[in-house]
Amino acid sequence: MVSMRGVQKWFGRLHVLQDIDFDVASGEVVVVIGPSGSGKSTLCRTINRLETIDEGTIEIDGKTLPEEGKALAGLRADVGMVFQSFNLFAHKTVLENVTLGPIKVRGTKNAEAEQRAHELLERVGVANQASKLPAQLSGGQQQRVAIARALAMEPKVMLFDEPTSALDPEMIKEVLDTMVDLAERGMTMIVVTHEMGFARTAANRVVFMSDGRIVEENTPEQFFTNPQSDRAKDFLGKILKH
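What you see is a predicted model; the values in this text were computed from it and never measured.

1. Focus on the sheet that holds strand E4 (residues 55–60)
What holds strands together in a sheet is hydrogen bonding between their backbones, with the strands either parallel or antiparallel. Pairing in this open sheet of four strands is antiparallel, and the strands run E2-E1-E4-E5 from one edge to the other. The sheet terminates laterally at strand E2 (14–24) and strand E5 (63–64), the two strands that pair on one side only.

Below, the structure written as structure tokens:
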């Protein structure tokens with residue numbers, strides 16, 4: 001579903017993605033972890049071209065990611081994205097936030113888009129908030145609306161860039177539960193997160209990044225119990241002790 005080959009990315013002199021080869025199969029849940037500044041979020045953001053790449057190729061479902069224009073917009077519609085900061089339209093209701101994409105981009109009729117939006121809001125547990133503005137919701141509720149909004153486009157793959165890092169601890173679980181449900185339904189997901197519990201329970205594969213490189217990838221069981229690289233051992237040693 002996603003294929004990256006020889007991807008390089010610089011920010012000035014900083015080489016943030018170094019020769020990335022990365023594949024995600026349809027229906028696979030891949031969790032990307034690593035220290036701050038390792039390139040995780042940049043990797044995620046190149047997959048729908050929020051960040052351009054300097055070298056290499058990226059394919060979504062067998063199609064090369066276009067540089068710009070309508071072709072890029074079309075392919076981007078197949079890639080849902082959930083950010084750390086919700087990015088909901090503040091002046092639109094929850095329902096309007098979820099229906100906007102399908103109506104404007106997919107050409108879905110209003111009534112059909114609204115019916116689908118109500119179904120998705122029900123699924124993520126915020127159906128009773130449909131007429132409210134985002135500011136009237138908790139952070140956890142806003143993030144679940146953001147997930148429903150992404151799902152409304154019927155994407156082939158969902159990207160999550162640290163979706164719980166802006167949330168209070170008690171709200172994290174409700175968002176992670178929504179994501180686990182999504183994974184169990186077979187959605188192809190790439191998740192950048194610090195939530196090791198989610199990585200252990202929901203991921204098919206854990207990818208560990210450091211200094212712009214993929215250092216190691218394995219099943220959650222193998223990665224957490226028997227990391228192969230010194231860098232991963234050091235990282236896990238620091239975060240799992242607390």
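2. Here's the deal with the pairing of strand E10 (residues 213–218)
Summarising the sheet, strand E9 (residues 205–210) and E10 pair through five bridges and their orientation is antiparallel. Of the residues in E10, the one forming a bridge with Val207 is Glu217. Between the antiparallel neighbours E9 and E10 lie two residues, among them Asp211 with a positive phi of about 55°.

3. Section: the UniProt feature "domain: ABC transporter" (unreviewed entry) in the protein
Mapped onto the present numbering, the UniProt feature "domain: ABC transporter" (unreviewed entry) falls at residues 2–236. The span residues 2–236 carries 39% helix and 26% strand; its end-to-end C-alpha distance comes to 27 Å.

4. Some points on the sheet that holds strand E8 (residues 188–192)
Strand order in the open sheet formed by six strands is E6-E7-E8-E3-E9-E10, and the pairing between neighbours is mixed. Lying at the two open borders of the sheet, with one neighbouring strand each, are strand E6 (79–82) and E10. Adjacent strand axes in the sheet meet at a mean angle of 20° when their direction is disregarded. Where helix H5 (residues 139–152) meets the sheet, its contacts fall on E6 and strand E7 (157–161), and the angle it forms with E6 comes to roughly 170°.

5. Some points on the packing of aromatic side chains
Using the criterion set out here, one finds three aromatic pairs in the structure. The interplanar angle of 35° and the centroid separation of 6.0 Å between the aromatic rings of Phe208 and Phe223 together place this pair among those described as tilted. Taken together, the positions of Phe208 in strand E9 and Phe223 in helix H8 (residues 220–225) put the pair 15 residues apart, joining distant regions of the chain. Judged by relative accessible area, which is 0%, Phe208 ranks as buried.

What counts and what doesn't
Residues numbered from 1 in each chain as written. Predicted model: local features only at pLDDT ≥ 70, side-chain atom pairs only at ≥ 80, totals over all residues. Heavy atoms only, no water. Pairing = 2+ DSSP bridges. Helix = DSSP H or I, 4+ residues; strand = E, 2+ residues; numbered from the N terminus. UniProt positions renumbered as here; feature names shortened; annotations may be inferred. Axes fitted to C-alpha atoms, helices over the stretch in contact; angles between N-to-C directions. Contact = heavy atoms within 4.5 Å. Phe/Tyr/Trp six-rings, centres within 6.5 Å; stacked < 30°, edge-to-face > 60°. Buried < 20%, exposed > 50% of the residue type's maximum accessible area, 1.4 Å probe, protein only.

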